[in-house]
Amino acid sequence: SQQGEEDPQALSIQEGENATMNCSYKTSINNLQWYRQNSGRGLVHLILIRSNEREKHSGRLRVTLDTSKKSSSLLITASRAADTASYFCATASGSARQLTFGSGTQLTVLP
Amino acid sequence: DSGVTQTPKHLITATGQRVTLRCSPRSGDLSVYWYQQSLDQGLQFLIQYYNGEERAKGNILERFSAQQFPDLHSELNLSSLELGDSALYFCASSVAAATYEQYFGPGTRLTVT
């Protein structure tokens, strides 16, 4: 079963604009991770934010986490055509060692 | 390139058959995870092995089984295949048994006809 719901399901923007994707989850978590998947390929880990962190940056990526609302957002600044991909949030909770993935946001960046 | 390798890349087989998918984790990673990605179910965790031992089980069917060998490579065996088993099967690895970031292989696309 999928823990996370991602919003929007699809997002189309122009190159240079910022893209924001949201993720909501249901249970308490140890950490939340974001992954990118290019069409039909494997997932690439982007960033991990722990449950006691509120914001994290990595290059053009900014992730926020609000554990009280059980939600996270991923902001990609100054988007590029190469950012076109599906983006998934994944949660790790309790003693579970596996990741539970959201449904994903399909981002299209138009040149 | 994540350093995780999976073979074969594509597999086409008939219903009722049995197939084996193979995964080699990144050098130094002891933990291997298997995931299934399909259009209707999304990305689902199947099973995890750590240093040869099963550590966690997800939505894995009884027709599916896996193992991790002493050299740490892993195999996922799918038997009595059904049309609904058609999916992308990913292997991922991580350093430890606890959930840190995982490194995914390119996947095996299984088509059951």
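Residues numbered from 1 in each chain as written. Chains lettered and ligands numbered in written order. Predicted model: local features only at pLDDT ≥ 70, side-chain atom pairs only at ≥ 80, totals over all residues. Heavy atoms only, no water.

What exactly am I supposed to notice about the interface of chain B and chain A here?
For interface size, the figure often reported is the accessible area lost on association. Every contact between the two is made by 24 residues of chain B and, on the other side, 19 residues of chain A. Applying the counting criterion to the chain B and chain A interface returns zero salt bridges. For the interface between chain B and chain A, the tally reads three residue pairs in polar contact (both at pLDDT 80 or more). Elements with a contribution of two residues or more to the side of chain B that touches chain A: β4 (31-38), β5 (42-50), β6 (53-57) and β9 (87-94) of chain B. When residues in the side of chain B that touches chain A are grouped by element, the largest group, five residues, is from β5 of chain B. Broken down by class, the residue content of the side of chain B that touches chain A amounts to 12 nonpolar, nine polar and three charged. (Contact = heavy atoms within 4.5 Å. Salt bridge = Lys/Arg side-chain N within 4 Å of Asp/Glu carboxyl O. Polar contact = N/O pair within 3.5 Å; in protein donor to acceptor, adjacent residues only side chain to side chain. Helix = DSSP H or I, 4+ residues; strand = E, 2+ residues; numbered from the N terminus. Nonpolar A, V, L, I, M, F, W, Y, C, P; charged D, E, K, R; others polar.)

What should I look at first to understand the packing of aromatic side chains in this one?
Any two aromatic rings considered together are summarised by their centre-to-centre distance and by the angle between their planes. Tallied over the full model, the rule gives 10 aromatic pairs over all chains. Plain terms: the ring middles of Phe 101 of chain A and Phe 104 of chain B are 6.1 Å apart, the flat faces sit at 75° to each other, and that makes the pair edge-to-face. A residue pair is termed interchain when its members come from two chains, as with Phe 101 of chain A in strand β10 (residues 100-101) and Phe 104 of chain B in strand β10 (residues 103-104). One exposure class covers both Phe 101 of chain A and Phe 104 of chain B, and it is buried. With a centroid separation of 5.7 Å and 65° between ring planes, the pair formed by Tyr 35 of chain B and Phe 45 of chain B is classed as edge-to-face. Placement of the pair is Tyr 35 of chain B in strand β4 and Phe 45 of chain B in strand β5, with a sequence separation of 10 residues. Comparing Tyr 35 of chain B with Phe 45 of chain B, the two get one shared label, buried. Following the ring pairs from residue to residue traces out a cluster consisting of Tyr 35, Phe 88 and Phe 101 of chain A together with Tyr 33, Tyr 35, Phe 45, Phe 90 and Phe 104 of chain B. Note that Arg 26 of chain B overlies the ring of Tyr 103 of chain B, its terminal NZ or CZ placed 3.7 Å from the centroid. (Phe/Tyr/Trp six-rings, centres within 6.5 Å; stacked < 30°, edge-to-face > 60°. Buried < 20%, exposed > 50% of the residue type's maximum accessible area, 1.4 Å probe, protein only. Lys NZ or Arg CZ within 6 Å of the ring centre and 35° of its normal.)

What should I look at first to understand the pattern of salt bridges in this one?
Pairing between side chains becomes possible if they bear opposite charge and their charged atoms approach one another. This model, assessed by the stated rule, comprises six salt bridges over all chains. Residue Asp 83 of chain A is joined to Arg 60 of chain A by a salt bridge in which the shortest nitrogen-to-oxygen separation is 2.9 Å. Placement of Asp 83 of chain A in the loop between β8 (71-76) and β9 (85-92) and of Arg 60 of chain A in the loop between β6 (55-58) and β7 (61-66) is noted, with a sequence separation of 23 residues between them. The exposure class of Arg 60 of chain A is partly exposed, given its relative accessible area of 23%. Arg 26 of chain B is the partner of Asp 29 of chain B in a salt bridge, and the nearest nitrogen-oxygen pair spans 2.8 Å. Given a relative accessible area of 1%, Asp 29 of chain B falls into the buried group. A cluster of three or more residues bridged by salt bridges with shared partners is formed by Arg 63, Glu 82 and Asp 85 of chain B.

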